[in-house]
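Residues per chain are reported as follows:
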Amino acid sequence: MNDRRVVVTGLGTVNPVAGDVESTWRGLLDGTSGVGPITSIEASDLPSQIAGEITDFDIEAFMPRRQARRMDRYAQLFWVAAREALGDSGIAYEPDDPAAYRAGVVVGSGIGGVTTFEEEVTTLLEVGPHRLSPFGIPKIIANLAGGQISIDFNLYGPNTTAVTACAASANAIGDAAAIIQRGAADVMLAGGADAAITRLAMGGFAQARALSTRNDDPQGASRPFDAGRDGFVMAEGAAALVLEEREHALERGATVYAEVVGYGMSADGYHVTLPRPGGDGAARAMQSALDDAGIAAEQVSYINAHGTSTAANDVTETMAIKTVFGDHAYRVPISSTKSMTGHLLGGAGAVEAVASVLAIRDGIVPPTINLTDPDPECDLDYVPGEARTVDVQYAMSNSFGFGGHNVVLVFSSQ
Amino acid sequence: MERTEIESKLTDLLVDELGIERDDIRADATFEEDLDVDSLGVVELLMALEDNFGVKIPDEEAEQITTVGEAIDLVEKKLNA
């Protein structure tokens, strides 16, 4: 055990449900879906024509156009979430502030700047290399969201990026907490973002048979654990958390939401897109996170599931929870907020961490919507339809990614 | 093309393509210091000049440009060559 404890002191998000933390939280508790028909790209020839889009996002409300156009949409979304989280925590550094050298960033992104990637490839093929943008590469690469934050908010400490697909921002949070624990920083901004409602990503994920094609019922399409589920619903967005060494936070009188107490990882070692049947990999990550937290499974009072609404994930995750939690699996409330947000890929783990932290703060857990006809193999308490009052001491958040990456975080009340 | 026409077209480019404030654009304004255009922005500017004026600007000539007035001079020279 390390005596440097890590607490959450700031939250930020922009996602399909809402453009800030408190509106998002109200939306999630009310069971609001952020999913709709795709409007931002030509979708008529795509198998999946629905997504969680952020339709009212205006980056120029936050920065001059000349700065905004140097950033891909995924990085713009992260920037706005980061700004909210830093503001919420009261963390702000002037250039060359000595404390800024003890503050860093870890971002997770599944794909990075895929919009720009498509634009640049199109230019390359249609015009030629001499017309590629000088900003093309910095906009495409997945680490630029973190780089941009360090530049604009003067965070000069450790700065890195996790690229573990749909587990990326859970890794970002866990890795950032570990950086604080080992003494390399006192403050870390952690989170993730993706903006993959593009023809390449929508077409590619559909070919991998991962996306819902319930095009005639957008808000009912993300239905984790329901027998009628047929794939995940793509979503865009970002979330960020300010993590801070506990004494550092208490000394400056910061508001503390929760403590990061457990971080577990494993690899399925099985398949590029499918989870290992039986959920052994996911179970090992959950157990590892409980061990890291030093708690028994029975102490967990809420699980924010990965719950993608794919045929494979929801059954496998259910089996994994049973493996780890035994009889307690049938008592612990579990919900998938992806039923409302859709799947933000590299942004998902961070949005769900925000939901887990707020469940601890308010003693209420968000529902799983659209769960009207549960899959017989999904027989746990997924909090269907309505939010529920629960005194949450320990909340677990699961995130699993293509490649077989399993990442689990545990948060606790103070 | 008249010099004034080049000047007004270039000003529009700087505003529309590079997002520079119109009021900051003067003939003696330097790209790097006065207009805060970095090395990547210069590349973008050259691409915009080539596209919009139909001229070819080799790197060695591009490197000589430091002010808005010099950019106008170069485009004018190219167009009249």
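Residues numbered from 1 in each chain as written. Chains lettered and ligands numbered in written order. Predicted model: local features only at pLDDT ≥ 70, side-chain atom pairs only at ≥ 80, totals over all residues.

A.B. asks: So what exactly am I meant to see when it comes to the overall build of chain A here?
C.D. replies: Along its length, chain A carries 13 helices and 14 strands. Scaling as 2.2 N^0.38, a compact globule of 414 residues should have a C-alpha radius of gyration of about 22 Å, and chain A matches this with 20 Å. The buried share of chain A, reckoned over its 414 residues, is 60%. When contacts within chain A are restricted to residue pairs at least 6 apart in sequence, long-range pairs at least 24 apart make up 80% of them. (Helix = DSSP H or I, 4+ residues; strand = E, 2+ residues; numbered from the N terminus. Rg over C-alpha atoms; globule rule 2.2 N^0.38 Å. Buried ≥ 20, exposed ≤ 12 C-beta atoms within 10 Å, placed from the backbone. Contact = placed C-beta atoms within 7 Å.)

A.B. asks: Sorry, what's going on with the overall build of chain B here?
C.D. replies: Along chain B, the regular secondary structure elements total 4 helices and 0 strands. When the helices and strands of chain B are placed in sequence order, the string is α-α-α-α. For 81 residues, the compact-globule estimate of 2.2 N^0.38 gives 12 Å, and chain B sits close to it at 11 Å. Expressed along its principal axes, the backbone C-alpha trace of chain B runs to roughly 30 × 25 × 20 Å.

A.B. asks: Sorry, what's going on with the nonpolar core here?
C.D. replies: Where a protein is soluble and globular, its nonpolar side chains tend to be buried together. If you look at the biggest cluster of nonpolar residues, it comprises 138 residues, and the most contacted ones within it are A:Phe78 and A:Leu241. Excluding residues that lie within four positions of it along the chain, A:Leu241 makes contacts with A:Val8, A:Gly10, A:Leu11, A:Ala85, A:Ile173, A:Ala190, A:Gly191, A:Ala350, A:Ala353 and A:Val354. In this structure, B:Phe31, B:Leu45, B:Leu49 and B:Ile65 belong to the second largest nonpolar core, which totals 13 residues. (Core = buried A, V, L, I, M, F, W, Y, C linked by C-beta atoms within 7 Å.)

A.B. asks: I keep staring at the confidence of the model for chain B and nothing clicks. Help me out?
C.D. replies: Close inspection of predicted coordinates is inappropriate for parts of the model with low pLDDT. Mean pLDDT for chain B: 92, with 100% of residues reaching 70 or above. Among the scores for the predicted complex, ipTM is 0.85 and pTM is 0.96. (pLDDT = per-residue confidence, 0-100.)

A.B. asks: Please explain the interface of chain A and chain B as it appears in this structure.
C.D. replies: Note on interface size: it is often stated as the accessible area lost on association of the parts. Listed as interface residues are 8 residues of chain A and, on the opposing side, 7 residues of chain B. Tallied by class, the residues present in the side of chain A that touches chain B amount to 3 nonpolar, 1 polar and 4 charged. (Nonpolar A, V, L, I, M, F, W, Y, C, P; charged D, E, K, R; others polar.)

A.B. asks: Help me understand the environment of A:Arg284 in this model?
C.D. replies: Residues and elements named next belong to chain A. Looking at where Arg 284 falls in the secondary structure, it is placed in helix H10 (residues 280–293). Owing to 20 C-beta atoms within 10 Å, Arg 284 belongs among the buried residues under this scheme. C-alpha separation for the pair Arg 284 and Val 407, spaced 123 residues apart in sequence, amounts to 9.7 Å.

A.B. asks: So what exactly am I meant to see when it comes to the pairing of strand S6 (residues 187–194) of chain A here?
C.D. replies: Two faces belong to every sheet, and in a regular strand the side chains alternate between them. Residues and elements named next belong to chain A. By the criterion of burial, S6 is predominantly enclosed, with 8 of the 8 residues buried. Taking every second residue as pointing to the same face, both faces of S6 are buried, with Val 187, Leu 189, Gly 191 and Ala 193 on one and Met 188, Ala 190, Gly 192 and Asp 194 on the other. Here 8 bridges tie S6 to strand S7 (residues 237–245), and the two strands are oriented antiparallel to one another. Considered in S7, the bridge of Asp 194 is made with Gly 237. (Pairing = 2+ DSSP bridges.)

A.B. asks: Help me understand the packing of helix H1 (residues 3–16) of chain B against helix H4 (residues 68–80) of chain B in this model?
C.D. replies: Helix-helix packing is characterised by the crossing angle of the two axes and by the distance between the axes. Residues and elements named next belong to chain B. Following both chains from N to C, one finds H1 and H4 inclined at 125°, their axes separated by 10 Å at the closest point. Taken together, H1 and H4 sit at an angle that is classed as oblique. The crossing of H1 and H4 is right-handed. The residues of H4 that touch H1, namely those facing Arg 3, Ile 6, Glu 7 and Leu 10, are Ala 71, Ile 72, Val 75 and Glu 76. For the contact of H1 with H4, the residue count by class is 5 nonpolar, no polar and 3 charged. (Axes fitted to C-alpha atoms, helices over the stretch in contact; angles between N-to-C directions. Parallel < 35°, antiparallel > 145°, perpendicular 65-115°, else oblique. Left-handed = near helix turned anticlockwise from the far one by under 90°.)

A.B. asks: Teacher, can you tell me more about the sheet that holds S6(A) here?
C.D. replies: Whenever strands of a sheet pair, they do so through backbone hydrogen bonds, lying parallel or antiparallel. Residues and elements named next belong to chain A. Taken in spatial order, the 10 strands of this open sheet run S5-S4-S6-S7-S1-S8-S14-S13-S9-S10, and their pairing is mixed. One side of each edge strand has no neighbouring strand; the edge strands of this open sheet are strand S5 (159–162) and strand S10 (334–335). Helix H7 (residues 168–181) rests against strand S1 (6–14), strand S4 (103–108), S5, S6, S7, strand S8 (258–267), strand S13 (394–401) and strand S14 (405–412) of the sheet, and its axis sits at about 170° to S6.

A.B. asks: Looking at this structure, I do not really get helix H8 (residues 199–207) of chain A. What am I missing?
C.D. replies: At 3.6 residues per turn, the α-helix brings residues three or four places apart onto the same side. All names here are of chain A. Regarding H8, the residues found buried are Ala 201, Met 202 and Phe 205. All buried residues of H8 lie within an arc of 95° about the axis, which places them on one face of the element. On the buried face of H8, the contacting elements are helix H4 (114–126). Backbone geometry just downstream of H8 places Arg 209 in the positive-phi region, at approximately 60°. (Arc of directions from axis to C-beta.)

A.B. asks: Would you mind going over the environment of A:Arg102 with me for this structure?
C.D. replies: All names here are of chain A. Inspection of the secondary structure puts Arg 102 in the loop between helix H3 (73–89) and S4. Assessed through the 21 C-beta atoms surrounding it within 10 Å, Arg 102 is described here as buried. Along the sequence, Arg 102 and Asp 186 sit 84 residues apart, while their C-alpha atoms lie 5.5 Å from each other. Excluding residues within four positions of it along the chain, Arg 102 makes contact with Gly 157, Ala 185, Asp 186 and Val 187.

A.B. asks: What is the right way to read the pairing of S14(A) from this model?
C.D. replies: Residue and element names in this part refer to chain A. Within S14, 8 of the 8 residues are buried, which leaves it mostly tucked inside the rest of the structure. Residue alternation in S14 divides its side chains into two sets, His 405, Val 407, Leu 409 and Phe 411 and Asn 406, Val 408, Val 410 and Ser 412, and both sets are buried. Where S8 meets S14, 8 bridges bridge the pair, whose relative direction is antiparallel. Bridged to Tyr 263 within S14 is Leu 409. Of the strand pairs in this sheet, S13 and S14 are connected by 8 bridges, and their pairing is antiparallel. Bridging across to S14, Asn 398 finds its partner in Val 408. The turn linking S13 back onto S14 is made up of 3 residues, and Gly 403 within it adopts a positive phi angle of 100°.

A.B. asks: Even after reading the chapter, I still don't get the packing of H7(A) against helix H13 (residues 348–362) of chain A, so can you show me in this structure?
C.D. replies: All names here are of chain A. Between H7 and H13, the least distance of the axes is 5 Å, while the angle of their chain directions is 60°. On the side of H7, the interface is formed by Ala 168, Ser 169, Ala 170, Ala 172 and Ile 173, while H13 contributes Ala 348, Gly 349, Ala 350 and Ala 353. The class makeup of the residues in the contact of H7 with H13 is 7 nonpolar, 2 polar and no charged.

A.B. asks: Can you help me understand the environment of A:Gly228 in this one?
C.D. replies: Residue and element names in this part refer to chain A. Its location among the elements puts Gly 228 in the loop between H8 and S7. For Gly 228, a count of 15 C-beta atoms within 10 Å puts it in the partly exposed group. Note: C-alpha distance between Gly 228 and Leu 371 (143 residues apart in sequence) is 8.9 Å.

A.B. asks: Would you take a moment to explain unusual backbone geometry for this structure?
C.D. replies: Peptide bonds are trans in most cases, and residues, glycine excluded, mostly fall at negative phi. All names here are of chain A. Of note in the backbone geometry, Asp 96 takes a positive phi value of approximately 70° without being a glycine. Take Asp 96: it is sitting in the loop between H3 and S4. The backbone of Phe 225 shows a phi angle near 70°, a positive value even though the residue is not glycine. Take Phe 225: it is sitting in the loop between H8 and S7.

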